[in-house]
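Summary of structural features
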Amino acid sequence: MALKTAQQYLDDMEKLVPRVYCGGKWVKNLLENPVTRSMVMANSMIYALAEDPKNKEVMVATSHLTGEPINRNLNVARNIHDLDMRQEMALLTSQSVGTCNYRCVGCDALNSVAATTWEMDRDLGTQYEANFNKWLAYAQANDLAVSGAITDAKGDRRKRPSQQEEVDTFVHLVEKRPDGIVVRGIKVSQSGAIGSHETLVLPGGALREGEEKFALAFAVQNSAPGLTYICQYNAYSAEREACGDVCELGNPLYGQRETSTMVFDNVFIPWERVFLCGETKYCGRMVTRFAKAHRMNCGGACKVGFADLIIGGTMLAAEYIGVEKVPHIQEKIIDMVRFSETSHACAIAAAMRGREEPKGSGVYLPDDLFGNAAKLNIAHGFWEIIKNAGDIGGGLVVTMPRMKDLDDPEVGPMLKKAFGAAAPADKRMKVAKFLQHWSAGLHGPGTWHGAGAPQTQRFMFTVLTDFDAKKKMAKKLMQMED
Ligand SMILES: Cc1cc2nc3c(=O)[nH]c(=O)nc-3n(C[C@H](O)[C@H](O)[C@H](O)COP(=O)(O)OP(=O)(O)OC[C@H]3O[C@@H](n4cnc5c(N)ncnc54)[C@H](O)[C@@H]3O)c2cc1C
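Residues numbered from 1 in each chain as written. Predicted model: local features only at pLDDT ≥ 70, side-chain atom pairs only at ≥ 80, totals over all residues. Heavy atoms only, no water.

**A word on the packing of aromatic side chains**
We count it as follows: Classification of ring pairs uses Phe, Tyr and Trp, with its six-membered ring standing for Trp, and accepts pairs whose centres are within 6.5 Å; under 30 degrees between planes counts as stacked, over 60 as edge-to-face, and the remaining range as tilted. Runs of E in the DSSP output that reach at least two residues are strands. Runs of H or I that reach at least four are helices, and both are numbered from the N terminus. Using a 1.4 Å probe on the protein chains alone, a residue whose accessible area is under 20% of its type maximum counts as buried, one over 50% counts as exposed, and one in between counts as partly exposed.
Summed over the entire model, instances satisfying the criterion amount to 10 aromatic pairs. Pairing Phe 132 with Trp 135 gives two aromatic rings, centres 5.9 Å apart and planes at 35 degrees, and the pair type is tilted. Placement of both Phe 132 and Trp 135 in helix H6 (residues 128-141) is noted, with a separation of 3 residues, approximately one turn of the helix. The class of Phe 132 is buried, set by a relative accessible area of 0%. Judged by its relative accessible area of 4%, Trp 135 is buried. For the ring pair Phe 434 and Trp 438, a centre distance of 6.2 Å and an interplane angle of 80 degrees mean the geometry is edge-to-face. Separated by 4 residues within a single helix, Phe 434 and Trp 438 lie in helix H13 (residues 425-439), roughly one turn from each other. Judged by relative accessible area, Trp 438 falls into the buried class, the value being 1%.

This is the structure we're talking about:
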């Protein structure tokens, strides 16, 4: 089996028994808890998209290991077209679920691991690429959902990993055994790890000599002994648990972007699943290569899909109160399009200017500067987009009563009178709830921090931009002496 159906994925999830804690209780079955269920349903939709023949070019790739068709979320990009389709996949999945493609981080992580294990084996004579290819072939053959764990808890940001009072704030090596390694520590903000078959774990940043025990990359199976997932919990989670009928929520089926804190308590990882262990020199490269891929996709395509949904909802809100032709409303809608399409253009440029890295590896990664531009632009642009959604949506976006109140025999008629406009109250309130989910929820900070806080992209601009060349150009035109 190279492509799993959505139903087969859901069947897998029924069998999984991860140690998951969510909002004050242990979750026995991911599909029975309304919060964890939304994450699993979103992932199932990613499988469903790949089943649909009209999405084949975007969602299905050819394995470079076996020549078989595989889900693009498990593909190692081998050319520019792969990169372009990868960012198109991020766009399509976001438009379809309005939340994470929970296989996205894992996909970008495995591209980085493919490139870096090839390089390590070439330089050091290690066996990491063989390990990785074997694991990848298994993941592809079984169409596994793989999440990506990069962000360590990090503790005091001024201190190096080994200087932290609490060593578990970084995932680290506890013991090397003949058959594998034992790891412990904490990764935070892990998108969809609870409902993934596997998590690909990378170092959280560049490391120096002496920090070998933090230099780790490996694949861990969901429900591995010693692994605990503590889910995020917020007002939206509580609302989902309390409402009973998800239809009245802003994103009924797929909910918010669900993450968890992953706690590794002496988890055993067999050597076949270890892709870096102690080689500090290669950690920075592994993380940078991941970021290259992820900023193109997360910044320049995923959030553009979200923006498409927000723009659609905002236009409906304008129509429902009869202001869709008013000039300042149209101008604001155009601004929303400008912010999102500029980011998408950066993602396409990042793919088109992608290159093989390292040379000879066969792995293609997007252009760094354009990928960072995509992410930084949308990090700022998204606030503008949700600001305009809040503006055009009106106060109702945050002051609306519960959708269900419309059915109440006593207050329902009053509400229908109060909120009926150019469209009936139920349509207006439905769209207001949708916009509430985007503009008054978790998506602002989520977009800001996902794929790295914007300061990291600014830093990359300073590294990647040839400022001297620009000064020289200006001087030349001014006929100034160099
Ligand atoms: C919705 C969502 C989904 C995510 N999914 C994943 C996932 O699937 N996998 C994964 O690995 N990660 C994931 N992340 C984590 C994401 O990559 C991080 O949130 C991001 O890298 C920022 O790290 P942080 O949250 O620890 O922020 P912090 O490090 O706490 O940053 C807070 C502020 O401090 C600044 N700062 C931090 N350290 C320094 C320093 N040393 N010097 C100067 N300034 C500093 C930052 O620039 C920022 O302004 C996700 C995050 C979100 C919000």
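**Thoughts on the site of the ligand**
We count it as follows: By convention in these notes, a residue is near a molecule or strand provided one of its non-hydrogen atoms lies within 4 Å of it. Any pair of nitrogen or oxygen atoms within 3.5 Å is treated as a polar contact; in protein, a donor-acceptor pairing is required on top of that, and neighbouring residues in sequence qualify only through side-chain atoms on both sides. We get accessible surface area from the Shrake-Rupley algorithm with a probe of 1.4 Å; when it comes to residues, only the shown protein chains can shield them. In this document the domain limits rely on a domain assignment from an automatic tool or a database.
For the ligand, the set of nearby residues contains 17 residues, the closest of which are Ile 150, Thr 151, Lys 154, Ser 189 and Ser 191. Gly 148 places a main-chain nitrogen or oxygen 2.9 Å from a nitrogen atom of the ligand. Within the side chain of Ser 191, an N or O atom sits 2.7 Å from a nitrogen atom of the ligand. In isolation the ligand exposes 970 Å². Once the protein is present, 63% of that is buried. Those elements that provide at least two residues to the shell around the ligand are strand E5 (146-149), strand E7 (180-191) and helix H14 (443-449). Tallying contributions element by element places E7 first for the shell around the ligand, with 3 residues. Counting contributing residues, the shell around the ligand receives three or more from each of domain 1 (6-280) and domain 2 (285-465).

**Comments concerning the sheet that holds strand E10 (residues 227-231)**
To keep things clear, this is the line we draw: Any two strands with at least two DSSP bridges between them are considered paired. Inter-axis angles, ranging from 0 to 180 degrees, are taken between N-to-C directions of lines fitted to C-alpha atoms, where helices are fitted over the stretch in contact.
What the 6 strands build is an open sheet, ordered E2-E1-E10-E11-E7-E6; its pairing is mixed. Each edge of the open sheet carries a strand with a single partner, namely strand E2 (25-27) and strand E6 (172-177). Across the sheet, the mean angle from the axis of one strand to that of its neighbour is 20 degrees, orientation sign disregarded. Sheet topology note: the E10/strand E11 (residues 259-270) ladder contains 5 bridges and is antiparallel. Along E11, the bridge assignment pairs Ile 230 with Thr 261.

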